[in-house]
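Observations on the model geometry
So the chains spell out like this:
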Amino acid sequence: MVNEKVCPYCGEKYYEIKNIPLWIPNFIREQMKFQPRCTCLKEIEEKRRKEQEEERKREVIRKKVNKYKDISLIDAKLKMINTMKNILKFLKDMLKKL
C-alpha cells in the first residue's frame, strides 16, 4: 500500500512492473517500476511541446518583422540623405548662378 503511486492529474493508480531485468541499473529500474495507466502525462507533455513550438514560431516571425523594420528605417535614412544631397547640389548651383 505504501508503494502505490497515483497520477497527480486524474488520481488513477499506477501499475507495477515486476519482471525488470537485473542488468538494468537500479536508478532506471526504480523509475520503470511504476507506470501510469492513464495518458495524462503524455497529453500534458504533448500540449507543452505544442505551446513551445507555437512560441518558437511567434519568435521567428517577430524577428523577421524587426529585421524588416530595421531595413525600412535604414532605407528611409538613405532616402533622406539622398534628398539632402540633392538640396545641397541645388543650392550650390543657385549660388553659382548668383
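Since the model is a prediction, treat every value here as computed from it, not as a measurement.

Looking now at the overall build of the protein chain. The helix and strand tally for the protein chain stands at 2 helices and 2 strands. Listed N to C, the secondary structure of the protein chain is β-α-β-α in terms of helices and strands. For the protein chain, whose C-alpha radius of gyration is 33 Å, the value lies well above the compact-globule estimate of 13 Å for 98 residues. Viewed in the frame of its principal axes, the protein chain has a C-alpha envelope of about 105 × 30 × 15 Å. Buried residues in the protein chain amount to 7% of all 98 residues. In the protein chain, of all internal contacts separated by at least 6 residues, the share reaching a separation of at least 24 is 30%. About 9,500 Å² of surface is accessible on the protein chain, with carbon and sulfur atoms providing 59% of the total.

On to the environment of Pro 8, then. Structurally, Pro 8 is set in the segment before β1 (14-16). For Pro 8, a relative accessible area of 61% puts it in the exposed group.

Attention now goes to the pattern of salt bridges. Going through the model one piece at a time under the given rule, you end up with 7 salt bridges. Across the pair Glu 16 and Lys 33 runs a salt bridge whose closest N-O atoms are separated by 4.0 Å. With a gap of 17 residues between them, Glu 16 in strand β1 and Lys 33 in helix α1 (residues 26-33) connect regions that are remote in the sequence. Each of Glu 45, Arg 48 and Arg 49 takes part in one network of salt bridges that share partners.

This part covers the environment of Tyr 9. Considering the arrangement of structural elements, one finds Tyr 9 in the segment before β1. Considered as a pair, Tyr 9 and Ile 44 are 35 residues apart in the sequence and their alpha carbons are 9.7 Å apart. Setting aside its immediate chain neighbours within four residues, Tyr 9 contacts Cys 40, Leu 41 and Ile 44.

Basis of the calculations
- Residues numbered from 1 in each chain as written.
- Predicted model: local features only at pLDDT ≥ 70, side-chain atom pairs only at ≥ 80, totals over all residues.
- Heavy atoms only, no water.
- Helix = DSSP H or I, 4+ residues; strand = E, 2+ residues; numbered from the N terminus.
- Rg over C-alpha atoms; globule rule 2.2 N^0.38 Å.
- Buried < 20%, exposed > 50% of the residue type's maximum accessible area, 1.4 Å probe, protein only.
- Contact = heavy atoms within 4.5 Å.
- Areas by Shrake-Rupley, 256 points an atom, 1.4 Å probe, with all protein chains shown as cover.
- Salt bridge = Lys/Arg side-chain N within 4 Å of Asp/Glu carboxyl O.

None of this, on its own, says anything about what the molecule does.
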